[in-house]
Amino acid sequence: MVDAGIATPDEVVATFKQMQIGGQFHYIIYRIEKKKLLMVDSTSKTDDEEWDWDDFCDKLKETGEPRYATVDFHFENKNGNDTTKLLFVAWVPETARPGDKMVYASTREGFKQKLDGVQKVLQACDESELDYDHVKGVVEAL
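Residues numbered from 1 in each chain as written. Predicted model: local features only at pLDDT ≥ 70, side-chain atom pairs only at ≥ 80, totals over all residues. Heavy atoms only, no water.

Q: How would you summarise the overall build of the protein if you had to cite specific residues and measurements?
A: Each helix and strand in the protein was counted, giving four helices and seven strands. For the protein, the sequential pattern of α-helices and β-strands runs β-β-α-β-β-α-β-β-α-β-α. Against the globule reference of 14 Å for 142 residues, the protein gives a C-alpha radius of gyration of 14 Å, in line with a compact fold. The principal-axis extents of the C-alpha atoms in the protein amount to approximately 45 × 30 × 25 Å. Within the protein, the proportion of its 142 residues that are buried is 39%. Expressed as a percentage of contacts within the protein between residues at least 6 apart in sequence, the contacts between residues at least 24 apart total 59%. Computed over 18 positive and 28 negative side-chain charges, the separation of the two mean positions in the protein equals 7 Å. (Helix = DSSP H or I, 4+ residues; strand = E, 2+ residues; numbered from the N terminus. Rg over C-alpha atoms; globule rule 2.2 N^0.38 Å. Buried < 20%, exposed > 50% of the residue type's maximum accessible area, 1.4 Å probe, protein only. Contact = heavy atoms within 4.5 Å. Lys, Arg positive; Asp, Glu negative; His and termini not counted. Charge placed at Lys NZ, Arg CZ, Asp CG, Glu CD.)

Right, here's the structure in full:
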């Protein structure tokens, strides 16, 4: 599988399926390696970690470089019910190198399409767009 010259190994999609169907991860963070290959950067397993949005955001931002992520976003909906949506996050900080921004922008849609079952999409360029309440508003509006 290739998009904009970036290959997506079957193992990456298989890891996503373990999250989507098997419920094995709270989140998966992906990176593009050497502008050639999409890789799993880090995960949070459901059996040994509590889910926390702020910890996820810290992990997503820690390198200062663009990343993609899939995350089970937990929130209370307008009816007061606990709800979870499978969210695709494209984190491309304003401070990223222009070449990296272009690679992530040109790869995003093709990669997202390979992750069948994603319910919502969030494009974030600065920390305010990762704020829990902001994300909740985006997820509920879509």
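Q: Quick one: what's the story with the pattern of salt bridges, residue by residue and with numbers?
A: In total, this model carries nine salt bridges according to the counting rule given. Arg97 is the partner of Asp100 in a salt bridge, and the nearest nitrogen-oxygen pair spans 2.9 Å. Among the residues examined, Asp100 registers a relative accessible area of 11% and is labelled buried. Look at Arg97 and you get exposed, because its relative accessible area is 52%. Of the charged contacts in the structure, one is a salt bridge between Arg108 and Glu109, with a shortest N-O distance of 3.5 Å. (Salt bridge = Lys/Arg side-chain N within 4 Å of Asp/Glu carboxyl O.)

Q: Summarise a negative patch on the surface; cite the residues concerned and give the values.
A: Taken together, the side chains of Glu50, Asp52, Asp54, Asp55, Asp58, Asp131 and Asp133 make up a negatively charged region of the molecular surface. At three residues, the largest contribution of residues to the negative patch is made by helix H2 (residues 53-61). (Patch = residues over 30% accessible without salt bridge, like charges linked within 9 Å, V, L, I, M, F, W, Y side chains within 5 Å. Areas by Shrake-Rupley, 256 points an atom, 1.4 Å probe, with all protein chains shown as cover.)

Q: Account for the pairing of strand E4 (residues 37-45), with residues named and values stated.
A: Alignment of strand E3 (residues 25-33) against E4, held across eight bridges, turns out to be antiparallel. If you follow Glu33 over to E4, its bridge partner there is Leu37. Linking E3 back to E4 in an antiparallel pair, the connection comprises three residues, with Lys34 at a positive phi of about 50°. (Pairing = 2+ DSSP bridges.)

Q: So what's going on with the environment of Val118? Which residues, and what values?
A: Counting through the fold element by element, Val118 comes out in the loop between helix H3 (98-114) and strand E7 (120-124). Looking at Val118, the relative accessible area reads 21%, which means it is partly exposed. Val118 sits 62 residues away from Phe56 along the chain, and the two C-alpha atoms are 18 Å apart. In this structure Val118 touches Phe16, Leu86, Leu87 and Phe88, once residues within four positions along its chain are discounted.

Treat this as a map of the structure, not an account of what it does.
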